[in-house]
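# Commentary on secondary and tertiary structure
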Amino acid sequence: MSQLIVTAGPFTFEAKLELENAPKTCAAFLRHMPFTSKIVHVRWSGEGVWMPLGELDFGVGYENHTSYPAPGQIILYPGGISETEILLAYGGVHFASKMGQLAGNHFITLTSGLENLYTLGRKTLWEGAQEIKFEMV
């Protein structure tokens, strides 16, 4: 129940939900599965791509939150001083918005395909928005 396939641009990654560390965020995300969106390159945070989700309310607060996700970690910012968003780190990230530093809930970790992660990030930076889809295995 914790295994996912994440298809982003031309790449496919296996991933796992962080059920033990972020159970409420995982449960909220699962209610939206399969989840599709577009990723764009971050503006303030470094080497990451994000899904701006506007006013979408997942109904969760902070849990297992970080401002420094490692490459392959996916975080959910539940909204507040900035819009709701999901961010995927592909390199060094210091999660922020124009309002300053933010923290997001680390709830998914990519487990395979990591050799393509940097290429996905650079492709998004130079070629623009890419499709992304999260599906249960």
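Scroll up a little and you will see the structure.
Since we're looking at a predicted model, the values are computed, not measured. (Residues numbered from 1 in each chain as written. Predicted model: local features only at pLDDT ≥ 70, side-chain atom pairs only at ≥ 80, totals over all residues. Heavy atoms only, no water.)

### A look at the pairing of strand β11 (residues 130–136)
The side chains of a regular strand alternate, first on one face of the sheet and then on the other. When strand β1 (residues 3–8) meets β11, the two strands line up antiparallel, connected through 5 bridges. Each residue of the ladder has a partner; that of threonine 7, found in β11, is lysine 133. When strand β3 (residues 35–41) meets β11, the two strands line up antiparallel, connected through 5 bridges. Of the residues in β11, the one forming a bridge with isoleucine 39 is glutamine 130. (Pairing = 2+ DSSP bridges. Helix = DSSP H or I, 4+ residues; strand = E, 2+ residues; numbered from the N terminus.)

### Focus on the side chain of threonine 124
Checked against the element boundaries, threonine 124 lands in helix α2 (residues 117–127). Among the polar contacts made by the side chain of threonine 124, one reaches the main-chain carbonyl oxygen of leucine 120 at a distance of 2.9 Å. (Polar contact = N/O pair within 3.5 Å; in protein donor to acceptor, adjacent residues only side chain to side chain.)

### With respect to α2
Along α2, the residues classified as buried are Leu117, Leu120, Gly121 and Thr124. Seen from one end, α2 has its buried residues packed into an arc of 100 degrees, which puts them on one side. For α2, the exposed residues lying more than 90 degrees away from the buried face are Trp126 and Glu127. (Buried < 20%, exposed > 50% of the residue type's maximum accessible area, 1.4 Å probe, protein only. Arc of directions from axis to C-beta.)

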